[in-house]
Amino acid sequence: MSLKVLGILGSPHPFGGSGMLLRCALEAAQREGAQTKLLSVYQGEIKPCQGCIQDEEPHCRFPCIFEDYGKELLLEINEAQVLIFGTPVYWYAPSGLLKNLIDRMTCLENMVAYGEPSYMEGKVVGIITVGADAGLTLAGAYLLTTLNAMGAMVPPWAHAYSRKAKGAIYDDRAVMDAINVGILSVGLAARLKGLPGRLSYLDDPQLLEEIRQKILAQKEAFEKEDGKTKAPESRP
Ligand SMILES: Cc1cc2nc3c(=O)[nH]c(=O)nc-3n(C[C@H](O)[C@H](O)[C@H](O)COP(=O)(O)O)c2cc1C
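Read on for an overview of the structure. (Residues numbered from 1 in each chain as written. Predicted model: local features only at pLDDT ≥ 70, side-chain atom pairs only at ≥ 80, totals over all residues.)

Turning to the overall build of the protein, a few remarks are in order. Broken down by element type, the protein carries seven helices and five strands. Reading the helices (α) and strands (β) of the protein from amino to carboxyl end gives β-α-β-α-β-α-α-β-α-β-α-α. The C-alpha radius of gyration of the protein comes to 18 Å, within 12% of the 18 Å expected for a compact globule of 236 residues. With the C-alpha coordinates aligned to their principal axes, the bounding extent of the protein is approximately 50 × 50 × 35 Å. Taking all 236 residues of the protein together, 46% fall into the buried category. Of the contacts made within the protein by residues no fewer than 6 positions apart, 74% connect residues no fewer than 24 positions apart. (Helix = DSSP H or I, 4+ residues; strand = E, 2+ residues; numbered from the N terminus. Rg over C-alpha atoms; globule rule 2.2 N^0.38 Å. Buried ≥ 20, exposed ≤ 12 C-beta atoms within 10 Å, placed from the backbone. Contact = placed C-beta atoms within 7 Å.)

Pasting the structure below:
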């Protein structure tokens, strides 16, 4: 059975800078034989964590007390072997909605309080951050540290970043790094299953261009479709 890779987008723009780099990582993961899916934190309501863990009551356990889109995401996260987070940098940090999801993920980790391993254990994580200015590494390091503290594993070259904002897809270094986030995350997850998997950086300008063109074509198709469905008065 192929590895399940879940891409989690923290941007309101499906084809903004972080969305497109995340898609590059997922495309690369798919080419490594993985099954991929992309979900955005903007697709539904994610209620903010209300800190049940403090009550010492048996509430903070998977899949959380709330019946909302956040729960759907938690269920998807639990099913995946690889999680790749793509987020814009909002004030030196991941976007607020993504932070809400991270807080809600406490219920996966807190299974240790019920005599089980953390449900994040054995999962592999990769990170993509996109901004226009500063805070790219801070936001990425925050996510890597936090997810690792929940029990997840980090492959080599696990963080791709660009400060080219919505033009990130034209940032060669960042696109190659994002492709590597996909390949190496799947590589580590495969190794954990005793299968062969790549763990060294791939520098392949031809693959970079191929994947970039594919994502740009997806963006064009999305914008055409979006233009058809949006009422003329709501267009900027
Ligand atoms: C609320 C807000 C805060 C932001 N803070 C930062 C920041 O601290 N550092 C930075 O580099 N860019 C910052 N930006 C710019 C975004 O990261 C940039 O526009 C990015 O392209 C958005 O990603 P997206 O295209 O994937 O949506 C901020 C944008 C917004 C809306």
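Moving on, we get to the packing of helix 6 (residues 172-192) against helix 7 (residues 205-229). Their axes nearest at 10 Å, the elements helix 6 and helix 7 cross at an angle of 90 degrees. When the axes of helix 6 and helix 7 are compared, the pair comes out roughly perpendicular. Touching Asp172, Val175, Met176 and Ile179 of helix 6 are Leu207, Leu208, Ile211 and Arg212, all from helix 7. Class assignment for the residues of the contact of helix 6 with helix 7 results in six nonpolar, no polar and two charged. (Axes fitted to C-alpha atoms, helices over the stretch in contact; angles between N-to-C directions. Parallel < 35°, antiparallel > 145°, perpendicular 65-115°, else oblique. Nonpolar A, V, L, I, M, F, W, Y, C, P; charged D, E, K, R; others polar.)

Quick look at helix 5 (residues 136-149) now. Three or four residues apart is the spacing at which side chains of an α-helix point the same way, because the helix has 3.6 residues per turn. With 14 residues, helix 5 should cover 20 Å at 1.5 Å per step; its first-to-last C-alpha distance of 20 Å lies within 8% of that length. Its buried side turned inward, helix 5 meets strand 3 (82-88), strand 4 (124-130) and strand 5 (159-162). (Expected span 1.5 Å × (residues − 1).)

An order of 2-1-3-4-5 is seen for the five strands of this open sheet, with the pairing classed as parallel. Single-partner strands in this sheet number two, and they are strand 2 (35-40) and strand 5. Between one strand axis and the next, the sheet turns by 15 degrees as a mean value, whatever way the strands run. Sheet analysis places strand 1 (residues 4-9) next to strand 2, joined by six bridges and oriented parallel. (Pairing = 2+ DSSP bridges.)

Near the ligand lie 20 residues; those nearest to it are Gly16, Ser18, Pro88, Gly131 and Ala165. Looking at the shell around the ligand, the element that brings in the most residues is helix 1 (residues 17-31), giving three residues. (Near = placed C-beta within 6 Å.)

With that settled, consider the pairing of strand 4. Taken residue by residue, a regular strand's side chains alternate between the two faces of the sheet. Of all seven residues that make up strand 4, seven are buried, and the element is covered over most of its length. Going residue by residue along strand 4, you find Val124, Gly126, Ile128 and Val130 tucked away on one face and Val125, Ile127 and Thr129 tucked away on the opposite face as well. Strand direction decides the pairing type here: strand 3 and strand 4, joined by seven bridges, are parallel. Within the sheet, the bridge partner assigned to Val82 lies in strand 4 and is Val124.

Looking now at unusual backbone geometry. Between Phe62 and Pro63 the backbone carries a cis peptide bond, its omega angle lying at 5 degrees. Tracing the sequence through the fold places Pro63 in the loop between strand 2 and helix 2 (69-79). Unlike most non-glycine residues, Tyr92 shows phi in positive territory, near 65 degrees. Examined against the element boundaries, Tyr92 turns out to sit in the loop between strand 3 and helix 3 (96-104). With 14 C-beta atoms counted inside 10 Å, the residue Tyr92 sits in the partly exposed group.

Along the chain, the position of Ala158 falls in the loop between helix 5 and strand 5. Along the chain, Ala158 and Val181 lie 23 residues apart, while their C-alpha atoms are 5.3 Å from each other. When residues no more than four places from it in sequence are discounted, the contact partners of Ala158 are Val125, Gly126, Ile127, Leu144, Val181 and Leu184.

Residues Leu21, Ala25, Val82 and Ile128 are the most contacted members of the largest nonpolar core, which totals 68 residues. Top element by residues in this core is helix 6. It accounts for twelve residues. If sequence neighbours within four positions are ignored, Ile128 has contacts with Ser18, Leu21, Leu22, Ala25, Ile84, Phe85, Gly86, Ala160, Tyr161, Ala178 and Val181. (Core = buried A, V, L, I, M, F, W, Y, C linked by C-beta atoms within 7 Å.)

Within the fold, Ser185 resides in helix 6. The sequence separation of Ser185 and Gly33 amounts to 152 residues, and the corresponding C-alpha distance is 12 Å.

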